[in-house]
Amino acid sequence: MIKVQLHELKFHAFHGIFEEEKILGNDYVVNASAEFHEAESVITSIHHTINYVEIYRIIKIRMEEPTPLLETLLMQIGNDIYKTFPEARSIHISIQKMHPPIEGMEGSAIVSYHKEY
């Protein structure tokens, strides 16, 4: 089994249910991984792996589209990755909202999604 990972992808995006989030946006950190069973004894071609460049493109497109709930966003990203790479046996994505609009809170909020196929 091989795991392809993207770590600490940084975005400024406009997700959230509050008006200020839709106007000001927020900083996000995304982590994603996909696991698959290798079909070759040694992979020597990009066509025999899950291309992390394509995973980044999928994430970037979804991060640019304002979405009220991070849960929705996670599931959309996961579904898009699986549609592109149906050989994936598991997909894990987390989105960290760096400055959630919660009065008095210092820290971040993280929502994660994990799916086995």
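Before reading further, recall that the structure is shown in the block above.
For every chain, the first residue of the written sequence is number 1, and numbering continues from 1 along that sequence. pLDDT decides what is reported in this predicted model: residues at 70 or higher carry local features, side-chain atom pairs at 80 or more are listed and counted, and totals for whole chains, interfaces and linings draw on all residues regardless. For the side-chain quantities, the full set of heavy atoms in the structure was used; hydrogens and water were omitted.

**A closer look at the pattern of salt bridges**
Salt bridge, as used here, is a side-chain nitrogen of Lys or Arg placed within 4 Å of a carboxyl oxygen of Asp or Glu. Under the definition given, this model contains seven salt bridges. Measuring nitrogen to oxygen at the nearest pair gives 3.5 Å for the salt bridge that ties K22 to E19. Separated by three residues within a single helix, K22 and E19 lie in helix α1 (residues 19–24), roughly one turn from each other. We call a residue buried when its accessible area falls under 20% of the maximum for its residue type, exposed when it is over 50%, and partly exposed in between, using a 1.4 Å probe and counting protein chains only. Judged by its relative accessible area of 40%, K22 is partly exposed. One salt bridge in this structure joins D80 and R62, with 2.7 Å as the shortest N-O distance. In this pair, D80 sits in helix α3 (residues 70–84) while R62 sits in helix α2 (residues 52–63), placing the two residues 18 residues apart along the sequence. We count a stretch as a helix when DSSP gives it H or I for four or more residues in a row; a strand needs E for two or more, and each element gets its number in order from the N terminus.

**Observations concerning α2**
A helix is expected to span 1.5 Å multiplied by its residue count minus one. If you check α2, its first and last C-alpha atoms are 16 Å apart, about what twelve residues at 1.5 Å a residue would give, namely 16 Å. Under the rule applied, a polar contact is a pair of N or O atoms within 3.5 Å (in protein, one hydrogen donor and one hydrogen acceptor; residues adjacent in sequence only if both atoms are side-chain atoms). With a side-chain oxygen lying 2.8 Å from the backbone nitrogen of V53, the N-terminal cap of α2 falls on N51.

**As for the sheet that holds strand β2 (residues 26–36)**
By definition, the strands of a sheet pair up through backbone hydrogen bonds, in either a parallel or an antiparallel sense. Pairing between two strands requires that DSSP report at least two bridges joining them. In spatial order, the strands read β1-β2-β3-β4; together these four strands make up an open sheet with antiparallel pairing. Every other strand in the sheet has two partners, leaving β1 (2–13) and β4 (109–116) as the edge strands with one partner each. Looking at each pair of strands side by side, their axes are set apart by 10 degrees on average, direction ignored. In the sheet, strand β3 (residues 88–97) pairs with β4 via eight bridges, with the strands oriented antiparallel. When the bridges of β4 are listed, Q96 appears paired with I110. Strands β1, β2 and β3 of the sheet are contacted by α2, whose axis makes an angle of about 30 degrees with β1. The strands that α3 touches are β2, β3 and β4; relative to β3, the one it contacts most, it runs at about 150 degrees. Working convention: axes come from line fits to C-alpha atoms, limited for helices to the stretch in contact. Angles between N-to-C directions cover 0 to 180 degrees. Pairs of residues are marked as contacts when any of their non-hydrogen atoms sit within 4.5 Å.

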